[in-house]
Amino acid sequence: MPDTPQAAQTARNASFLSPLPLFFVLLWSSGFIVAKFGLPYAPPLTFLLLRFLGVLVFLVPAVLVLRAPWPHGKIGHIALAGLLVQAGYLIGVWCAIKQGMPAGLSALIVGMQPILTAFAAPLIGEKVLPRQWLGLLFGIGGVGLVVAAKIQLVGLSPDAILLCVLALFSITAGTLYQKHHCPQFDLRVGTVIQFAASTIVVLPLAIYFEGLGPDFAAVQWTPRFVGALLWSVLGLSIGAIFLLFALIRRNDATQVTSLMYLTPPTTAIMAWLMFGEAFNALGMAGMALAVTGVIFVVKKSK
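Residue numbers here run from 1 along each chain, matching the order of that chain's written sequence. Per-residue local features are limited, in this predicted model, to residues with pLDDT of at least 70; the limit for side-chain atom pairs, both in listing and counting, is 80 or more; totals at the level of whole chains, interfaces and linings are taken over all residues. Only hydrogens and water are set aside when side-chain values are computed; all heavy atoms of the structure are taken into account.

Asks: Tell me about the overall build of the chain, and please be specific about residues and values.
Replies: By definition, any uninterrupted DSSP run of H or I lasting at least four residues is a helix, any uninterrupted run of E lasting at least two residues is a strand, and each is numbered from the N terminus. Tallying secondary structure elements over the chain gives 13 helices and 0 strands in all. Element order for the chain, N to C, with α for helix and β for strand: α-α-α-α-α-α-α-α-α-α-α-α-α.

Asks: Got a sec to walk through the pattern of salt bridges? Specific residues and values, please.
Replies: If charged atoms from side chains of opposite charge come close, those side chains can pair. Salt bridges are identified by distance alone: a Lys or Arg side-chain nitrogen within 4 Å of an Asp or Glu carboxyl oxygen. A full pass over the atoms with the stated rule returns 1 salt bridge. Asp186 is the salt-bridge partner of Arg188, the closest N and O atoms lying 2.6 Å from each other. The exposure class assigned to Arg188 is partly exposed, which follows from its relative accessible area of 26%. A relative accessible area of 18% places Asp186 in the buried class. A 1.4 Å probe rolled over the protein chains alone gives each residue an accessible area, and that area as a share of the maximum for its type sets the label: buried under 20%, exposed over 50%, partly exposed in between.

Asks: So, the environment of Gly286: which residues are in play, and what are the values?
Replies: With respect to the helices, strands and loops of the structure, Gly286 is situated in helix α13 (residues 281-298). A C-alpha to C-alpha distance of 4.8 Å links Gly286 and Leu145, two positions 141 residues apart in sequence. Not counting residues up to four positions away in its chain, the partners in contact with Gly286 are Gly142, Leu145 and Val146. Note on definitions: a residue-residue contact is assigned when non-hydrogen atoms from the two residues lie within 4.5 Å.

Asks: With reference to specific residues and values, describe helix α2 (residues 19-38).
Replies: Helices are assigned an expected span. That span is 1.5 Å times one less than the residue count. With 20 residues, α2 extends 29 Å from end C-alpha to end C-alpha; this agrees with the ideal 28 Å at 1.5 Å per step. Maximal helix bending in α2 amounts to about 30°, located at Phe32. The buried fraction of α2 is high, at 15 of 20 residues. Two axes enter the bend calculation: one fitted to the seven residues ending at the residue in question, the other to the seven starting there, and the bend is the angle between them.

Asks: Break down the packing of aromatic side chains for me, citing the residues and quoting the values.
Replies: Stacked, edge-to-face and tilted are the three classes for Phe, Tyr and Trp ring pairs, Trp counted by its six-membered ring, which pair at centre distances within 6.5 Å; planes under 30 degrees apart are stacked, over 60 edge-to-face, the rest tilted. Under the criterion given, the structure shown has 9 aromatic pairs. Between Phe47 and Phe225, the aromatic rings sit 5.3 Å apart at their centres with planes inclined by 90°, giving edge-to-face as the arrangement. Remark: Phe225 occurs in helix α10 (residues 223-250) and Phe47 occurs in helix α3 (residues 44-66); sequence separation between them is 178 residues. Side by side, Phe47 and Phe225 carry an identical accessibility label, which is buried. A connected cluster of aromatic rings, assembled from ring pairs, spans Phe47, Trp94, Trp221 and Phe225.

Asks: Which residues make up helix α9 (residues 187-210), and what are the values?
Replies: Taking 1.5 Å as the rise per residue, α9 with 24 residues should run 34 Å; its terminal C-alpha atoms sit 32 Å apart, in good agreement. For α9, the complete set of buried residues consists of Val189, Gly190, Thr191, Val192, Ile193, Gln194, Phe195, Ala197, Ser198, Thr199, Val202 and Ala206. Against α3, α4 (75-98), α8 (158-181) and α10 lie the buried residues of α9. The first or second residue beyond α9 is Gly211, which carries a positive phi of 65°.

Asks: Could you give me a rundown of a nonpolar patch on the surface, with the residues and numbers involved?
Replies: The grouping of Val57, Phe58, Trp221, Val226, Leu230 and Leu234 at the surface amounts to a nonpolar patch, some 570 Å² of accessible area in total. Ranked by residues supplied to the nonpolar patch, first place goes to α10 with 3 residues. Mapping Val57 onto the fold places it in helix α3. Like-charged residues within 9 Å of one another, or nonpolar side chains (Val, Leu, Ile, Met, Phe, Trp, Tyr) within 5 Å, are grouped into patches, provided each residue has over 30% relative accessible area and no salt bridge. Calculation of accessible area relied on Shrake-Rupley with a 1.4 Å probe; when residues are assessed, cover is drawn exclusively from the protein chains displayed.

Asks: Quick rundown of unusual backbone geometry? Include the residues and the values.
Replies: The backbone of Arg67 sits at a positive phi, close to 55°, despite the residue not being glycine. In this fold, Arg67 is placed in the loop between α3 and α4. Classification of Arg67 by relative accessible area gives exposed; the value is 75%. Notably, Phe216 is not glycine yet its phi reads approximately 50°, a positive angle.

Asks: Break down the confidence of the model for the chain for me, with residues and values.
Replies: Per-residue confidence for the chain gives a mean pLDDT of 84; residues scoring 70 or more make up 89%. The element-level mean pLDDT for the chain is lowest in helix α1 (residues 5-16), coming to 48, with α3 highest at 96. Per residue, pLDDT captures the predictor's confidence, and it can take any value from 0 to 100. The low-confidence segment residues 5-11, where pLDDT is below 50, has 3 contacts with residues more than four positions distant or belonging to other chains. Long-range and interchain partners of residues 13-17, a stretch whose pLDDT sits below 50, account for 15 contacts in this model, where long-range means more than four residues apart.

Asks: Help me get a handle on the nonpolar core, residues and values and all.
Replies: Most often, soluble globular proteins keep nonpolar side chains buried together rather than apart. In terms of nonpolar packing, the biggest core is built from 93 residues, with Phe24, Trp28 and Trp94 touching the most fellow members. Counting residues per element, this core draws most heavily on α10, at 14 residues. Residues within four places of Trp28 in sequence aside, it is in contact with Tyr89, Ile171, Leu236, Ala240, Ile241, Leu244, Met260 and Thr263. Nonpolar cores are built from buried Ala, Val, Leu, Ile, Met, Phe, Trp, Tyr and Cys residues. Side-chain atoms within 4.5 Å join them into one set.

Asks: Now, about the packing of α9 against α10: what can you tell me, with residues and values included?
Replies: At a closest axis distance of 11 Å, the pairing of α9 and α10 adopts a crossing angle of 115°. Taken together, the axes of α9 and α10 lie roughly perpendicular to each other. The handedness of the crossing between α9 and α10 is right-handed. Residues Leu187, Arg188, Thr191, Gln194 and Phe195 of α9 form the contact with α10, whose own contacting residues are Ser237, Ile241, Phe242, Phe245 and Arg249. Partitioned by chemical class, the residues of the contact of α9 with α10 number 5 nonpolar, 3 polar and 2 charged. Here, axes are lines fitted to C-alpha atoms. For helices the fit covers the stretch in contact, and angles between N-to-C directions go from 0 to 180 degrees. Oblique is the label for any angle not covered by the other classes, which are roughly parallel (under 35 degrees), roughly antiparallel (over 145) and roughly perpendicular (65 to 115). Handedness of a helix crossing follows the sense of rotation of the near helix relative to the far helix, less than a right angle counterclockwise being left-handed and clockwise being right-handed. Throughout this entry, Asp, Glu, Lys and Arg are counted as charged residues, while Ala, Val, Leu, Ile, Met, Phe, Trp, Tyr, Cys and Pro are counted as nonpolar. The remaining residues, Gly among them, count as polar.

Structure representation (structure tokens):
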């Protein structure tokens, strides 16, 4: 029996509700934890440069040995998407946190991505249903409840807010661009292209703004820093990004970005378990609301 559009959509929804998105949320949420571990020991751009180089060290040999297929005609598109999703987003968030931006407020600003993506979805031919809009509103409300107790505006610089807003627009534009121009490519080669392009951009910025030299003198190579760096390379820049690419390939952009609503509550639970940070009843209510919102978004009406 031939596949119908409805059957194809049902299959995509079923795949979206598989463990794959849950693993993505867990890995992506650990990014703020990595920042807390790593940023005290290295400037943000230097840390990101080491992270990007680490990805290339692991993946370039794999690409060469396994002879992964090269994405002819898509290299420029993949590189530009990578500059937005990797370099633009991470530079904004990490530099903002280094300047004193609270993780909760940073998560709230970047957590606007699903709403921003939904508004822009028609530009790439996607339709957002009324129930999905309701889910998006539930999601941002849930994120607000989770981070409400952690938001502090005293002493916050406008530069830090601007960096977070730029990160929000960068990852939103990158997700939409990749979904529209290059959703299908070999994950290993595509990741190498994106992180090579990001390295080219971050290197001169680290030299100019942080005085980076060949000896990496500003880095304190403590066990805590090395652990944070290894996790950021393997768990985040390879593991989480592979999962993100797989989700973008198989699902609507609005569905994929709605998962970002689950990042702040998941991060809050991690911080509670690892650092003893408060996670009260208001946070639990926010998490429940965010989960409800994501369910509304990913389950389209028949």
